[in-house]
Amino acid sequence: MSNSGIAGQQKIGVVSLGCPKALVDSEQFLTQLRAEGYEISGSYNDADLVIVNTCGFIDSAVQESLDAIGEALSENGKVIVTGCLGAKGDIVQQTHPKVLAVTGPHATDEVVKAVHDYLPKPHDPFIDLIPPQGIKLTPKHYAYLKISEGCNHRCTFCIIPSMRGDLVSRPVHDVLKEAESLARAGVKELLVISQDTSAYGVDVKYKTGFYNGRPVKTRMTELAEELGKLGIWVRLHYVYPYPSVDEVIPLMAEGKILPYLDVPFQHASPRILKAMKRPGDSEKVLQRVQKWRAICPDLAIRSTFITGFPGETEEDFQMLLDFLDEAQLDRVGCFTYSPVEGATANALPDHVPAELAEERKARFMEKQAEISARRLAAKVGKTLEVLIDEVDEEGAIGRTYADAPEIDGLVYLNGETALQVGDKIQATIVESDEYDLWAERS
Ligand code: SF4
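The residue count restarts for each chain, going from 1 along the sequence in the order it is written. A pLDDT threshold of at least 70 governs which residues receive local features in this predicted model, and a stricter bar of 80 or more applies before side-chain atom pairs are shown or counted, although totals over entire chains, interfaces and linings include all residues. To get the side-chain values, take all heavy atoms of the structure and skip hydrogens and water.

### Re the UniProt feature "binding site: [4Fe-4S] cluster 2" (unreviewed entry) in the chain
So, step 1. UniProt positions are given in the numbering used here, feature names are shortened, and annotations may be inferred rather than shown by experiment. Those places that UniProt annotates as "binding site: [4Fe-4S] cluster 2" (unreviewed entry) correspond, in this numbering, to Cys151, Cys155 and Cys158.
So, step 2. Mapped onto the elements of the fold, Cys151 is located in the loop between strand S7 (148–149) and helix H5 (160–164).
So, step 3. Residue Cys151 is classed as buried on the basis of its relative accessible area, which comes to 9%.
So, step 4. When neighbours within four sequence positions are excluded, Cys151 is seen to be in contact with Pro161, Gly165, Asp166, Leu167, Gln195 and Asp196.
So, step 5. A run of H or I in DSSP becomes a helix once it reaches four residues, and a run of E becomes a strand once it reaches two; helices and strands are each numbered from the N terminus. Assignment of secondary structure puts Cys155 in the loop between S7 and H5.
So, step 6. What makes two residues a contact is simply this: any of their non-hydrogen atoms within 4.5 Å. Setting aside residues up to four positions removed in sequence, Cys155 forms contacts with Met276, Lys277 and Arg278. Throughout, exposure labels follow a simple rule: accessible area from a 1.4 Å probe, protein chains only, divided by the maximum for the residue type, with under 20% read as buried, over 50% as exposed, and the rest as partly exposed.

Shown next as structure tokens:
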């Protein structure tokens, strides 16, 4: 359970599951509840009510969410459920009829209303208990900045648009105000997230907003440029591979935002990409990657892929391996295809047996491990800025610009016990393996 509690009355426990977007939802309703005077409890026993923020993306996440609800019910008894699983029919009520209320994702107002219904608002809200940046569930030296909700794409393996709806961009001044207040509160790294970061502003026709008296378009490039002025690390996630992505690369080359791009390619076979309803031309993608690297040689590219998508032949899979060889990506995640209830891909013919999908994933990861090891070995001898995430009796652990928290690699600084979490230091890389680096302070 997340814990940011203090002693007092009307305490709420929170179990936050799922992706960073769900985490931001939790932060938003917790901020609101704290503003009203509720306290946040770190244990089931101490809480008067528990909110479970669920994930419904794949079957294992559904099960994990249902288990978490069951645990909260048996440990506490008063449970409100929110998040993606809440949007998937009445599975929650059917499995756990005792839950008090169920909402879908991104439903701050509904969650807060349900809390009011079952645990009336405290009489004397201490609004000034809230730090101006709201409550963050991530360590305070980095924070997720959600810029939009929903998605206009209809990738056939994904049910997010049916759960979260079409793209709705947050007003640009709101996003920038939040970012500024996070930076002022000591956050050293902002992770920009959404379902589709490059589509930011499409729904409002890239409307011009105003921030600190200046006009700023509701658009990824302009947003990135403004965020770059905060003087902290800015990292872009979930960037759909549109041609317009080219525009942010110069900002990376100029050091305004981190030279890091998380761009899910999903596959490389044109046939499979078409069946996935993703942009279908991997040749063009390769050219684009080369162009990006020509402008910004330090660019670190992270991507995700799916093996075993319905209809994937050995030939399609080989194209994927060849793509990896050509693209030389820095960080790669791989999932085996699993049918998600409600996804249109379920109706496609020629489903790939699960063992074969797993076997392809293993071959894929083996190839990427070699690529990653080579790319990391090329960093040995370089001096890079490292943001410290953790310090213990053995030393410090941090990350460079090429590594996002939780999903990418680490930099180990053995013996550096005097550093503090959130410090940014210069360090020279002395050793590497397939995923991580070892460094000495310069
Ligand atoms: S772009 Fe992402 S969120 Fe949108 S439909 Fe495709 S996979 Fe789902």
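### Overview of the sheet that holds strand S4 (residues 79–83)
So, step 1. Being paired, for any two strands, means DSSP has found at least two bridges between them. Read from one edge to the other, the open sheet built from 5 strands follows the order S2-S1-S3-S4-S5, with strand pairing classed as parallel. Strand pairing shows two members of the sheet lacking a second neighbour, strand S2 (39–41) and strand S5 (101–102), which therefore form its edges.
So, step 2. In terms of strand pairing, strand S3 (residues 49–54) meets S4 through 5 bridges, oriented parallel. When the bridges of S4 are listed, Asn53 appears paired with Thr82.
So, step 3. Helix H2 (residues 59–75) contacts strand S1 (11–16), S3 and S4 of the sheet and is inclined by roughly 175° relative to S3.
So, step 4. Simply put, an axis is a line fit to the C-alpha atoms, just over the touching stretch for a helix, and the angle between two N-to-C directions goes from 0 to 180 degrees. On the sheet, helix H4 (residues 108–118) packs against S1, S3, S4 and S5 and is oriented at approximately 160° with respect to S3.

### Examining the sheet that holds strand S20 (residues 437–441)
So, step 1. In spatial order, the strands read S16-S17-S18-S20-S19; together these 5 strands close into a barrel with mixed pairing. Strand after strand, the sheet turns through a mean of 50° between neighbouring axes, direction not considered.

### Some thoughts on unusual backbone geometry
So, step 1. A positive phi angle, near 50°, is found at Asn212, a position not held by glycine.
So, step 2. Along the polypeptide, Asn212 turns up in the loop between strand S10 (208–211) and strand S11 (214–217).

### Focus on the pairing of strand S9 (residues 189–193)
Two faces make up the sheet, and in a regular strand the side chains alternate between them.
So, step 1. In terms of burial, S9 is largely enclosed, as 5 of its 5 residues are buried.
So, step 2. Of the two faces of S9, the one carrying Glu189, Leu191 and Ile193 and the one carrying Leu190 and Val192 are both buried.
So, step 3. The pairing of S9 with strand S12 (residues 233–236) spans 4 bridges and is classified as parallel. Bridged to Val192 within S12 is Leu236.

### Quick word on the site of the ligand
So, step 1. Any residue with a non-hydrogen atom lying within 4 Å of a molecule or strand is treated as near it. In the vicinity of the ligand, the contacting residues are Cys151, His153, Cys155, Phe157, Cys158, Ile160, Pro161, Gln195, Tyr240 and Arg278.
So, step 2. Of the residues contributing to the shell around the ligand, the split by class is 7 nonpolar, 2 polar and 1 charged. Lys, Arg, Asp and Glu make up the charged group, whereas Ala, Val, Leu, Ile, Met, Phe, Trp, Tyr, Cys and Pro make up the nonpolar group; the residues left over, Gly among them, are polar.

### Quick look at the side chain of Arg399
So, step 1. Within the secondary structure, Arg399 is located in strand S17 (residues 395–399).
So, step 2. Exposure remark for Arg399: the relative accessible area of 1% places this residue in the buried category.
So, step 3. In the analysis that follows, any N or O atom pair within 3.5 Å is treated as a polar contact, provided that within protein one partner can donate a hydrogen and the other can accept it, and provided that, for residues neighboring in sequence, both atoms belong to side chains. Engagement of the side chain of Arg399 in a polar contact is seen with the side chain of Glu189, the distance being 2.6 Å.
So, step 4. Among the polar contacts made by the side chain of Arg399, one reaches the side chain of Asp389 at a distance of 2.7 Å.

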